[in-house]
Amino acid sequence: MSFSFQLYSSRNVASQEAFLSNLAELGYTSVEGYGGVYGDPDSFAEAMSANGLTMPSGHFGIDDLRDNFDGVMMLADSFGIKHVIVPYLVAEARPTDKAGWQAFAKELSEIGSKVRATGKTFSWHNHDFEYEALEDGSYPMDIILETAPDIGWEADLGWVARAGLDPAPIVAKHADRLVAVHVKDIAKDGEGLDEDGWSDIGEGVMDWPGLIRQIRDQAPNAILVAEQDNPSDAVRFASVSMANLKDI
């Protein structure tokens, strides 16, 4: 079983390029990109290649796709990215009702059509706000996937759990849409206070052995991406998490 690593988790290391050697030594086979590593595509791609790593998926802002679509596609090509993922919607831009989310989903569908025309997939990545019920009881994430049936989903199951929901039935409901899954863990009570309540994978409260078995059974092609939103030590997070993932 192979694992990718979301490079946002290592944003505070001295050099992301140098950190790639740590990831390769630990057994990660790929990385997931984000804006902080896109500055020098040629140099970073060379460093990935030198360490035997690929970047099958990458995060790109919705505004960048709206305003500079061709540039984003060229950047994705520079890294070999095949899965274009939008990671976030700022609070002030979030719709407040079902109709608003449906309209937003239709825009995502239109962007997705353009992305697929370049030979790539297009997906949405959730946080907790997509699983905060609207007045009619519906969830924005369900609305997005129902209104835009042609886009994929990168499921951040840590944020699903943070929203107070059980990830397992949600994975089962949308397994056919899973392009990738963020594997992250929630700290036990009283722990992770300096890491926003997150923990190394396998050291927290989430049932990752069960969830990974389910994902491999129901969405066998989904990329498994290790992530921690605010680790105090990226090397420790990457190391402990991989050791536990290998045991799983």
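Data block above holds the structure.
Residues numbered from 1 in each chain as written. Predicted model: local features only at pLDDT ≥ 70, side-chain atom pairs only at ≥ 80, totals over all residues. Heavy atoms only, no water.

Counted under the stated rule, the structure contains 13 aromatic pairs. Between W101 and F129, the aromatic rings sit 6.4 Å apart at their centres with planes inclined by 25°, giving stacked as the arrangement. Here W101, found in helix α5 (residues 98-116), pairs with F129, found in the loop between β5 (121-125) and α6 (140-147); they are 28 residues apart in sequence, far enough to count as distant. Here W101 falls in the buried class, since its relative accessible area comes to 2%. (Phe/Tyr/Trp six-rings, centres within 6.5 Å; stacked < 30°, edge-to-face > 60°. Helix = DSSP H or I, 4+ residues; strand = E, 2+ residues; numbered from the N terminus. Buried < 20%, exposed > 50% of the residue type's maximum accessible area, 1.4 Å probe, protein only.)

All right, on to the packing of α5 against α6 then. Following both chains from N to C, one finds α5 and α6 inclined at 45°, their axes separated by 8 Å at the closest point. With respect to each other, α5 and α6 are oriented oblique. Considering how the two elements wind past one another, α5 and α6 form a crossing that is right-handed. Each of K98, W101, Q102, A105, K106 and L108 in α5 lies in contact with α6, whose residues at this interface are P140, I143, I144 and T147. Within the contact of α5 with α6, the residues separate by chemical class into 6 nonpolar, 2 polar and 2 charged. (Axes fitted to C-alpha atoms, helices over the stretch in contact; angles between N-to-C directions. Parallel < 35°, antiparallel > 145°, perpendicular 65-115°, else oblique. Left-handed = near helix turned anticlockwise from the far one by under 90°. Contact = heavy atoms within 4.5 Å. Nonpolar A, V, L, I, M, F, W, Y, C, P; charged D, E, K, R; others polar.)

The N-to-C vectors of helix α1 (residues 16-26) and helix α10 (residues 234-247) enclose an angle of 15°; their axes lie 10 Å apart at closest approach. Taken together, the axis directions place α1 and α10 in an arrangement best described as roughly parallel. By crossing handedness, the relation of α1 to α10 is classed as right-handed. Of the residues in α10, those touching α1 at F19, L23 and L26 are A234, V235, A238, S239, M242 and K246.

It is worth spelling out the side chain of S109 at this point. Within the secondary structure, S109 sits in helix α5. Not counting residues within four places of it along the chain, the set of residues in contact with S109 comprises A148, D150 and I151.

Turning next to the pairing of strand β3 (residues 54-59). Most of β3 is tucked away: 5 of the 6 residues are buried. Bridge count for strand β2 (residues 30-33) against β3 is 3 bridges, and the pairing is parallel. Residue pairing for β3: G33 is matched across the bridge by G58. Here 3 bridges tie β3 to strand β4 (residues 83-86), and the two strands are oriented parallel to one another. Following the sheet pairing, S57 is matched in β4 by H83. (Pairing = 2+ DSSP bridges.)

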